[in-house]
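Residues per chain are reported as follows:
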Amino acid sequence: MSRSRNPSSQHTKQRLVDGVLEVIRQQGITAVSARSVAAASGVNQALVFYHFGSVEELVAQACVTTTEARVALYRDRFTEVSTVGELLALGREIHAGERAEGNMALLAQTLAGAQGGGRLAEATREALDKWISEVRATLERVLAGSPLVEFADPDGLARAVSAGFLGLTLFEAVDPGGAERALTALDQLAALVDVVESLGPVATRAFRAKLRKTGQARNA
């Protein structure tokens, strides 16, 4: 029987994934090693290499699979969002929940460890893209038919929002008041977008014309 189909093998792999997550959350990514992961997992450190080939690959897989599981928990909530304000409110909720679970810190730690590139950078990008994809799809749906749709870049906005919430995790540690003000500013921006959405046809045409004129002036 192959390793991938052996229940005992799968159990050991999951213990290693849980172990590396514990090390990262408790001590940071610089503390990750075959020995520290094995100690946290309660298994022989040789099993890290047997199942994953390297410590880096273990961290990479743990990052991706954990993020996928967390995104799946909120997928239905994203489909219920009908305004930009609701999207940011959900973002606040996710941020608080993921921070409490230690997953925001996990992404921040893997992002720091990925600065040198390689497999970890690839895995961190893949993990972040799982959140970005949900935000982008929601923005595309919410902004469909909006006067903003011809000027907004849903993909760029999704990346900015996702990066903002991740960055706030680091900001909160040194300036929690500033982080809260940043979130409030995002809420105010969302409220402004929602007001634009409620404009009548005449005001909408005037708003579109103003945006086009502003865009042309910038490109001149």
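Provided above is the structure to which this section pertains.
Below: a short report on this structure.

What counts as what
- Residues numbered from 1 in each chain as written.
- Predicted model: local features only at pLDDT ≥ 70, side-chain atom pairs only at ≥ 80, totals over all residues.
- Heavy atoms only, no water.
- Salt bridge = Lys/Arg side-chain N within 4 Å of Asp/Glu carboxyl O.
- Buried < 20%, exposed > 50% of the residue type's maximum accessible area, 1.4 Å probe, protein only.
- Helix = DSSP H or I, 4+ residues; strand = E, 2+ residues; numbered from the N terminus.
- Contact = heavy atoms within 4.5 Å.

**Comments concerning the pattern of salt bridges**
According to the stated counting rule, one finds 11 salt bridges in the structure shown. For arginine 75, the salt bridge is made with glutamate 68, and the minimal N-O distance between the two is 3.6 Å. You can call arginine 75 partly exposed: its relative accessible area is 30%. Two residues, arginine 136 and aspartate 155, come together in a salt bridge whose shortest N-O distance is 2.6 Å. Here the residue arginine 136 occupies a position in helix H7 (residues 118-143), and aspartate 155 occupies one in helix H8 (residues 154-174), the gap between them amounting to 19 residues. Judged by its relative accessible area of 21%, arginine 136 falls in the partly exposed class.

**Concerning the side chain of threonine 12**
Topologically, threonine 12 is positioned in helix H1 (residues 7-27). With sequence-adjacent residues up to four places away left out, threonine 12 is seen in contact with Val43, Leu47 and His51.

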